[in-house]
Amino acid sequence: MNNLWPDVRYGARMLWQRPGFTLVAVIALALGIGANTAVFSVVNAVLLRPLPYLTDRLVIVESGKTQIAPQEFGGASPADFWDWQTQSQSFEQLAVVSGDGFTLTGVDAPESFPGARVSPNFFQTIKSGPLLGRTFSAEDGDLKAADTIVLSYRLWQRRFGGDPKIVGQTLGNTGTMVIGVMPPDFKYPADAELWTPLARASGEMRNRANRYFTVIGLVKSGQTLAAAQAELKTIAARLAAEHPDTNRDVTVSLTPFRARLVRDVRPALLVLLGAVGLVLLIACANVANLLLARAATRQKEMAIRLALGARRWHIVRQLLVESLMLALAGGALGLLLALWGRDLLLGLLPETYAYLSLQEQVRLDGAVLLFTLLAAVLTGVIFGLIPAWQASRPAVNEWLKDGSRGAAGAHGRRTRGALVVAEMALALVLLVSAGLLLNSFVRLRRVELGFDARNLFTLSLAMPFAQFHDDAARVRFIQQVREQVAQTPGVETVEVTSGTPLPYLNFLTNIVGQPATPEIEARYDSISAEYFRGLHARMLAGREFNNLDTAAAPNVAIINETFARRAFAGAKPIGQRLSLNYLGQPVEREIVGVVKDLNQGELGKIKPQVYVPYQQQPWLSAALLVRAAHDPAGVQQAAQRAIWAVDKNQPLSKTDAMEAALSNTLAEPRLYTTLLGVFAALALLLAALGIYGVMAYSVTQRTHEIGVRMALGASRGDVLRLIVSQGLRLALIGVSLGLCVALALTRVLASLLYGMSATDPATFIIIPLLLIGVALLACYIPARRATRVDPMIALRYE
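This one's a predicted model, so the numbers in the text were calculated from it and none came from an experiment. (Residues numbered from 1 in each chain as written. Predicted model: local features only at pLDDT ≥ 70, side-chain atom pairs only at ≥ 80, totals over all residues. Heavy atoms only, no water.)

A. View of the overall build of the protein chain. Along the protein chain, the regular secondary structure elements total 25 helices and 21 strands. Split into buried and exposed, the 798 residues of the protein chain put 53% on the buried side. Sequence-distant contacts, at least 24 apart, represent 82% of the contacts inside the protein chain between residues at least 6 apart. (Helix = DSSP H or I, 4+ residues; strand = E, 2+ residues; numbered from the N terminus. Buried < 20%, exposed > 50% of the residue type's maximum accessible area, 1.4 Å probe, protein only. Contact = heavy atoms within 4.5 Å.)

Shown next as structure tokens:
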């Protein structure tokens, strides 16, 4: 350590004497290290750090047909879940969770809350205890037990002011008693603000046809995941034999809980982490070139030190200390940038990340600080080692001769050229990746919706079972609300759906009379008459629903074109009959129409769709789709008042502008495209600066040569072509190598792209031309300066 201290003091003095060089190097490294630290803090929280309520023995159990990929499996039917729970021996616990809502009435301001129905052992399975009170017991799942509820921490704070006396109280006039409050870091499912217990003896639990439950398993200690999956597959095969109508070809797949949660976001986050890693490598190459140029000016100093007895190792150590000081300074500044970048990233992350508690989880903890320190040290060694080794090998005799010009030599020029080639190649990989994502995002934005979203907004309705326990009551209420809202000034049309055109629920469908046809998993929506006319959607065949499609009329259905194409393969679907399994009860319906596909789920991923008349299948959940004549903002409050005129206990509706809701579905691709675009732009800037710096230094070093050429008759154009061709040759080599790497690496983007290949020809042509154009500009500036050299002055150079 004592031997290093003089090197540190000398290095600090040398860096202080060159403030311009030091500032440029530190800023370049800070940008690279800061971006890496910010992205790693999110990756660490999402992919690496365990959630506070997770154990590594927790799994998600999904079921699906044997002919589809496991990653496309869905939930489990209630009856299958109970069979798994009673027959399996590999799990300590098997629990279930299903989305639900809760309406608080009998208070000054009725309110609806998103929630989840869970089996009584849910919290014991997921290994999370309450902050206050208790969680559910087996007795809470009894049909005769009093209604109980567990609150989330954020709902407890927001709606009940954090009152600890809430435990044991009954909510409003609902008859539901609060038994516990969960800790602030428990957020599963993502949007759940409360949990209610499932009763095993209820009629729903006998449903085997519809797989809409999420099953969570806690594997026994010492039991392997493979063994647990094999046991459940055996049980699934037995159920398939016992219940062929619903379970034919149904199998199961087990996925670690955390891996399942982050399955959709993991590829994009790893791509971003790889992208910022490339930015850091480009920054390192830039600084290495700066150090090489600086080392060339210090060759005489190094020659004198070697002549006086210094060892080459001492020279290497001295220069490595200087590069490490630069890297640590860059790391310190990068850490400050990461603090700002982390907050920016958190603000950009979509709501779908809510279950990860990122606001609490993403922090610059010990792991992130260690990552920053390692990044700084490694970059210091990486960009400092080559210049240090070069500087420690001067031609001592040549440098000690007066007037010698042996500065960097051909080897130094080759090294700087190689670094520029690497920068260009890495920049091209990033630019091509960003270009692919941008092209994909533009295509996604241009997806035909199938309906007109302008001036359209939704109002959610709550219909508690206690108040709307039969179908007729729900139909009457919906009709009254629809008529009342339709009279609101500024309202053009009012339609009803069991869910907004974005979320969806899948059910299994069979074609009657075609036993060989496989079951089709289709979205199932209950809608009002003339629903498609209100959405400005186009009927392709048949008719819309009308007011005559009541509960007393024959059961009818409308399908979308994707369903028609998959189920009927060119045959006419009108007049064909479907068998829809709704809550375990098969219901036959005649197809009376085919509608153009509506993008109702994840944009660009259209699924088979079945629509039924609301009067024939009135669900407990419903939403109004209201089209305003002009700007809907002023109509929304009036529409809410119209709802209260029908039922004063209706909670404040969740209002969503359709265009905003559609925009939110693009939040993730927009985020990844934006970030990768920023990183690619930064890489392009650094690469351009790198080739500019090398060419500018080359012009300085070759001033004497340029003067001789011009004195011997070379024109300014000849000099310009000489310098530009040298830089262009480096750029072309880098672009060629980058294309090879990009063709191999961009395949990992395939899952993030829409409507295009990861080897899109247009992108692989336009981006290299763009990079070559930028390189030409970066070469032209120093080349233009070279043409202004005065031959007489150049001949007296040195």
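B. Spotlight on the nonpolar core. Grouped together as the largest cluster of nonpolar side chains are 91 residues, with contacts concentrated most on Phe 122, Tyr 188, Trp 195, Ile 216 and Phe 679. Here this core gets 15 residues from one element, more than from any other, and that element is helix α21 (residues 667-701). Of all hydrophobic cores here, the second largest spans 23 residues; its members include Ala 453, Leu 535, Val 556 and Leu 598. (Core = buried A, V, L, I, M, F, W, Y, C linked by side-chain atoms within 4.5 Å.)

C. Broad picture of the packing of helix α3 (residues 78-87) against helix α6 (residues 225-242). Interaxial distance between α3 and α6 falls to 10 Å at its minimum, and their mutual angle equals 125°. In terms of axis orientation, α3 runs oblique to α6. Helix-helix and strand crossings are classified by hand; for α3 and α6 the assignment is right-handed. Residue-level inspection shows Asp 80, Asp 83, Trp 84 and Gln 87 of α3 in contact with α6, the latter providing Glu 231, Leu 232, Ile 235, Arg 238 and Leu 239. Here the residues of the contact of α3 with α6 sort into four nonpolar, one polar and four charged. (Axes fitted to C-alpha atoms, helices over the stretch in contact; angles between N-to-C directions. Parallel < 35°, antiparallel > 145°, perpendicular 65-115°, else oblique. Left-handed = near helix turned anticlockwise from the far one by under 90°. Nonpolar A, V, L, I, M, F, W, Y, C, P; charged D, E, K, R; others polar.)

D. Region of interest: unusual backbone geometry. Geometrically, the link from Tyr 188 to Pro 189 is a cis peptide bond, its omega value of -5° lying close to zero. Tracing the chain through its elements places Pro 189 in the loop between β7 (176-181) and β8 (194-197). The phi torsion at Asp 249 lies on the positive side, around 65°, for a residue other than glycine. Given a relative accessible area of 39%, Asp 249 falls into the partly exposed group.

E. Spatial organisation of the pattern of salt bridges. Under the defined criterion, the tally for this structure stands at 16 salt bridges. A salt bridge links Arg 474 to Asp 471, with the nearest nitrogen and oxygen atoms 2.5 Å apart. With Arg 474 and Asp 471 both in helix α16 (residues 471-486) and three residues apart, this pair spans about one turn of that helix. Under the relative-accessibility criterion, Arg 474 is labelled buried at 7%. Residue Asp 471 is classed as partly exposed on the basis of its relative accessible area of 39%. Between Glu 544 and Arg 533 there is a salt bridge whose closest N-O contact spans 3.8 Å. Of this pair, Glu 544 sits in the loop between β15 (539-542) and β16 (556-560) while Arg 533 sits in helix α17 (residues 531-535), placing them eleven residues apart in sequence. Beyond isolated ion pairs, a larger network of salt bridges with shared partners links Arg 154, Arg 158 and Glu 193. (Salt bridge = Lys/Arg side-chain N within 4 Å of Asp/Glu carboxyl O.)

F. Geometry of a nonpolar patch on the surface. Together, Leu 328, Leu 370, Leu 373, Leu 374, Val 377, Leu 378, Val 381, Ile 382 and Leu 385 make up a nonpolar patch on the protein surface, roughly 770 Å² of accessible area in all. Per element, the largest residue contribution to the nonpolar patch is eight residues, and it comes from helix α13 (residues 366-391). Along the chain, Leu 385 turns up in helix α13. (Patch = residues over 30% accessible without salt bridge, like charges linked within 9 Å, V, L, I, M, F, W, Y side chains within 5 Å. Areas by Shrake-Rupley, 256 points an atom, 1.4 Å probe, with all protein chains shown as cover.)

G. Highlighting the pairing of strand β2 (residues 91-104). Inspection of the sheet shows β2 paired to strand β9 (residues 214-219) by six bridges, in the antiparallel sense. Within β9, the position partnered with Val 97 by the bridge is Thr 214. Of the strand pairs in this sheet, β2 and strand β3 (residues 111-118) are connected by eight bridges, and their pairing is antiparallel. Within the sheet, the bridge partner assigned to Gly 99 lies in β3 and is Ala 116. (Pairing = 2+ DSSP bridges.)

H. Layout of the side chain of Asp 597. Turning to its location among the elements, Asp 597 is positioned in the loop between β18 (585-595) and β19 (609-613). Notably, Asp 597 is buried but unbridged: the nearest opposite-charge side chain belongs to Arg 565, and the N-O separation is 4.2 Å. Among the polar contacts made by the side chain of Asp 597, one reaches the side chain of Thr 562 at a distance of 2.7 Å. Dropping the residues within four chain positions of it, Asp 597 is found in contact with Leu 449, Gly 450, Asn 560, Glu 561, Thr 562, Arg 565 and Ile 606. (Lys, Arg positive; Asp, Glu negative; His and termini not counted. Polar contact = N/O pair within 3.5 Å; in protein donor to acceptor, adjacent residues only side chain to side chain.)

I. How the structure looks around the packing of aromatic side chains. Applying the stated criterion across every chain, the model contains 13 aromatic pairs. An angle of 90° between the planes, with centres 4.9 Å apart, marks the rings of Phe 532 and Tyr 611 as edge-to-face. Here the residue Phe 532 occupies a position in helix α17, and Tyr 611 occupies one in strand β19, the gap between them amounting to 79 residues. Take Phe 532 and Tyr 611: they sit in the same class, and that class is buried. Taken together, the aromatic side chains of Phe 122, Phe 123, Phe 136, Phe 186 and Trp 195 make up a single cluster linked through ring pairs. Between the NZ or CZ atom of Arg 159 and the centre of the ring of Phe 160, over which it lies, the distance is 6.0 Å. (Phe/Tyr/Trp six-rings, centres within 6.5 Å; stacked < 30°, edge-to-face > 60°. Lys NZ or Arg CZ within 6 Å of the ring centre and 35° of its normal.)

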